[in-house]
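# Observations on the model geometry
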Amino acid sequence: MRKVRALRLGMAAAALVVPLPATAQTSTASAGTAPVDTIEARYAVADRYLGDGLAKLIVDRNLRATFTTNGAGIVYRHGREGERTVAYFDAATAQSQSIAPEAAIAAALAKVTGKPLKPAALPIEDPKIEGAALTFSAFGKRWTWSAEGALAPAEKGAADGEEALSPDGRFRIIARDFNLYAVEVRTGREVALTEDGTRDQPYGRGIPQLADILAQGTEDPTMPVSIRWSPDSKRILTWRLDTRDVIRLGIVQATPPGSIYPRTFRYIYPLAGAEKLPQATRYVVDVEEALRRRKARPVKLDIPSESILYPADPDLNWVNGKVRAQWTERGYKQLAVYHADPETGAATVVAREALTPNVSVVSSFLQPAPELGGELSVSERSGWAQLYLVRPDAPEGGIPLTRGDWEVIGIQHVDAAAGAILVTGVGREKDRNPYYTALYRIGTHGEQPVLLTPEPMNHDVQVSPDGKIFLDAMSTPAQPTRTVVRSTLDGRILTELGRADPAALLATGYRMPEPFQGVAADGKTPIYGMVYRPASFDPNRRYPVIDNVYTGPTTTQVPECWNVAVGSAGSSVAQLGAIVVMIDGRGTSRRGRDFRMHAYQNLGEIGLDDHIALIRQMAERYPQFDLARVGVFGGSAGGYDAARFVIRRPGFFKVGVASSGNHDLRLDKAWWPEVTMGPASPDDWARNSNMVAAPNLGSKLLLIHGDIDDNVPITESFQLATALIWAGRDVDMVVLPNTTHAVYQPFFWRKFRDYFVRNLLGEAPPADVSFATPAWHEELPVLRPEQ
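Residues numbered from 1 in each chain as written. Predicted model: local features only at pLDDT ≥ 70, side-chain atom pairs only at ≥ 80, totals over all residues. Heavy atoms only, no water.

### Here's the deal with the confidence of the model for the chain
Detail in the predicted coordinates should be disregarded across regions flagged by low pLDDT. When the pLDDT values of the chain are averaged, the result is 91; 92% of them are 70 or greater. For residues 158-162, every residue scores under 50 in pLDDT, and the model assigns this stretch six contacts once sequence neighbours within four places are set aside. (pLDDT = per-residue confidence, 0-100. Contact = heavy atoms within 4.5 Å.)

Written out as structure tokens, the structure reads:
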């Protein structure tokens, strides 16, 4: 197999290891797996590079910088873990000032809410600075930290129009018995806005999330009213849910806190491939008229009923006095934007995206741009996600605003007066990693994009509300994050807010991960990976290889920035005495439609051979790779991947740990599988199921799942375990009590480590490890929210 070159991502990589002579390789292989230090010591180092342990070794790893709601400045945090300060940068004066210690605000918030809160997990959302006081949102409420250092509920609540209060404060909408009622705040007068709501067909009420059902102990929990007020405070836009004949899942919470008796619930979870999904129908009600006439007149909008693919509200919005609603045809055959008359309900399509065989909503989207007279559409019609301006007189068309073999991934700001749009994109500059994000200013008449982030690095950007400046957290997997404020006019750096300092981390012997470039199993398509080595790495030894897998296709897995690269699970797992790799094969995102479409209706096979091909190429360069001992792990869709890797390629992958896996896509929420599977047939669904392939298992497999997983139901792992047992295959399984989709906790890591140490490294795990320490932190690697 031909040699490939490693990428040098912005700085010189470590010197290549000189291949061992044949005699040395032989002696290394015969040396077996004797550890260079004790297994207890390796577990301790693994702890040190995970969660709280890692955070304590890096200063300013993540400033968590964000613009204030009025765009006047930036709230950020800096300092050593446990000593961080919340600070404010004033954009007008270019000066920074300290607000308060992060720990002080967190302690005060924990006290008033009664919720334990670590300082590093302190939420500061939608911040606003008034004088020396900080107002912010946390836990669904607004709070003010005064100049004197006291925390109190803010005088004003959430933004206008939220919490069902009209923007002008005159009216409030409440829900009762599955119907909606309007209350005049001044007088308390009330009128019914709907009258025929039922449990299966409520108004202004979404599908209850399992987390809310469990928290409130009822299948009908109290939920926010689902409406959108018109800007003039006269009308509401709402919807009616229909769950008749929709399959309900059941869940047993075997050990509810505070009780010895299990609880059982049934709940709606829109399932991929199901014959019937929940439906949403949109309505407008004139609240002002209803209170005046003591009778409401709900107007049903002439927009088709929409299948709910995830337990979330359908798109509801107002644009220039009309309803704007994006509608998705099931199977992702098309996306359409409707404008509707709130008085009559008459609706027309003003923009449509339709591709064969389907539209991938992870690379295509529509965004309202009334200031430009239409919709901005990111479309793959050219084979690459490019930006178009679509106007109502030609909803199927569009004026190209960008062109080329690269992808627009986000629209950050629109300035119609200046004729400028700020977009983020990947893959345009050919002198750098194609996954690095950059910010561009483009014209509304198709002018060439202006690159505002010229450094060959990944740029995580936020644009100010007025579009004049932007935050740029720039880094590579090898270069620590530098956070600066830049001008959107020319990208000029205006000030620096901070830099990540990993000196303490590197002093421990931590080895930075190494980017790797090779080719896919077709022998020609470039693909990328990352290699993690233990701090005690010895170039004269051979190490088992563990693949940290997530084949997408809705995202990518290999880190492109420093913070994620260092914080990935591989930093910890490698310390067991292994080499950990991450790989983005064909079928993942951000490399064009043809690259991703390898996954279409092929989730059961995609990535398998590309991962094997790249691991073999890594081993060609680095003789320390022991290809006789290859394992794999992943969570969520990565759990599906980990199980199918050992089931479908047992000759290569010897050990797998699959957590929270969606092993049969038909038992998962509809949106994630259907965005890639499209309108699949029953045979297509079965062909992509791990259960169907279960008899092929010839490796060691551990399934881990939380018993109250609110994303991927635990039945997925039970079903796979059952299929393996019926097929006469061996399987191990751990069920974590009172655990949702985020399974990372001390017991998880103990079972995870022990399984690889025993079955892949061929060693005995430590005899006794306390599960109470170290302190496990909210910044542990998390499973992707989309899966």
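Moving on from the model shown.
### Examining the packing of aromatic side chains
How two aromatic rings sit relative to each other is given by the distance of their centres and the angle of their planes. On inspection of all chains with the given rule, the structure shows 19 aromatic pairs. Judged by centre distance (5.7 Å) and plane angle (70°), the ring pair of Tyr203 and Tyr283 falls under edge-to-face. On the criterion of sequence distance, the pair formed by Tyr203 in the loop between strand E11 (190-192) and helix H5 (210-216) and Tyr283 in strand E16 (residues 279-286) is long-range, its members being 80 residues apart. Here Tyr203 matches Tyr283 in class, with each residue buried. (Phe/Tyr/Trp six-rings, centres within 6.5 Å; stacked < 30°, edge-to-face > 60°. Helix = DSSP H or I, 4+ residues; strand = E, 2+ residues; numbered from the N terminus. Buried < 20%, exposed > 50% of the residue type's maximum accessible area, 1.4 Å probe, protein only.)

### Some details on the side chain of Arg596
As for its position among the elements, Arg596 is in helix H10 (residues 593-596). Its relative accessible area of 5% is what places Arg596 among the buried residues. At 2.7 Å, the side chain of Arg596 forms a polar contact with the side chain of Glu380. Aside from chain neighbours lying at most four places away, what touches Arg596 is Ser360, Val362, Ser363, Glu380, Pro553, Gly587, Thr588 and Ser589. (Polar contact = N/O pair within 3.5 Å; in protein donor to acceptor, adjacent residues only side chain to side chain.)

### Observations regarding the pattern of salt bridges
Going through the model one piece at a time under the given rule, you end up with 51 salt bridges. Here Arg486 makes a salt bridge to Asp472, at a shortest N to O gap of 2.8 Å. With Arg486 in strand E33 (residues 482-487) and Asp472 in strand E32 (residues 469-475), this pair connects stretches of sequence that are 14 residues apart. Like Asp472, Arg486 is buried. One salt bridge connects Arg482 with Glu496, and the closest N-O pair in it is separated by 2.6 Å. On the criterion of sequence distance, the pair formed by Arg482 in strand E33 and Glu496 in strand E34 (residues 493-499) is long-range, its members being 14 residues apart. Given the relative accessible area of 23%, Arg482 is considered partly exposed. Connected through shared salt-bridge partners, Arg235, Asp286, Glu289, Arg293, Arg297 and Glu343 make up one network. (Salt bridge = Lys/Arg side-chain N within 4 Å of Asp/Glu carboxyl O.)

### As for unusual backbone geometry
Going from Thr356 to Pro357, the amide bond is cis rather than trans, its omega being 5°. Looking at the element boundaries, Pro357 is found in the loop between strand E22 (347-354) and strand E23 (365-369). That bond from Gly552 to Pro553 is cis: its omega, 0°, falls within 30 degrees of zero. Assignment of secondary structure puts Pro553 in the loop between strand E37 (543-548) and helix H8 (562-567). Even without a glycine there, the phi angle at Phe139 is positive, about 55°. Within the chain, Phe178 stands out as a residue other than glycine whose phi angle is a positive 70°. Residue placement: Phe178 occurs in the loop between strand E9 (171-176) and strand E10 (179-184). Phe178 sits in the partly exposed class, given a relative accessible area of 26%.

### Some remarks on helix H2 (residues 39-48)
Residues of H2 that are buried: Ile39, Arg42, Tyr43, Ala46 and Asp47. The buried residues of H2 occupy an angular sector of 145° when the element is viewed end-on, so they sit on one face. Buried positions along H2 lie against helix H3 (52-55), helix H9 (570-573) and helix H16 (746-759). (Arc of directions from axis to C-beta.)

### Section: empty space enclosed by the protein
Enumeration according to the criterion identifies nine cavities of 30 Å³ or more in this entry. What lines the largest cavity is a set of 16 residues, and nearest its centre among them are Pro208, Glu219, Asp220, Arg248 and Ile268. Broken down by class, the residue content of the lining of the largest cavity amounts to eight nonpolar, two polar and six charged. (1 Å grid on protein atoms, 1.4 Å probe; cavity = no way out; pocket = protein on both sides within 12 Å on 5 of 7 lines; lining within 4 Å. Points joined across faces, edges and corners; volume = space filled by probe spheres on them. Nonpolar A, V, L, I, M, F, W, Y, C, P; charged D, E, K, R; others polar.)

### A few points about the sheet that holds strand E31 (residues 458-463)
Spatially, E31-E32-E33-E34 is the arrangement adopted by the four strands of the open sheet, whose pairing is antiparallel. Each end of this open sheet is capped by a strand with a single partner; those strands are E31 and E34. With direction set aside, neighbouring strand axes in the sheet form an average angle of 25°. Looking at chain direction, E33 and E34 are connected through five bridges and run antiparallel. By the bridge assignment for E34, Val484 is matched with Glu496. (Pairing = 2+ DSSP bridges. Axes fitted to C-alpha atoms, helices over the stretch in contact; angles between N-to-C directions.)

### Side note on the packing of H2 against H16
Relative placement of two packed helices is described by the angle separating their axes and the distance separating the axes. Where H2 contacts H16, the axes come no closer than 12 Å and their chain directions differ by 135°. Considered as vectors, H2 and H16 are oriented oblique to each other. The interaxial crossing formed by H2 with H16 has right-handed handedness. The segment H2 lies against H16, with Ile39, Tyr43, Ala46 and Asp47 engaging Arg750, Arg753, Asp754 and Val757. Broken down by class, the residue content of the contact of H2 with H16 amounts to four nonpolar, no polar and four charged. (Parallel < 35°, antiparallel > 145°, perpendicular 65-115°, else oblique. Left-handed = near helix turned anticlockwise from the far one by under 90°.)

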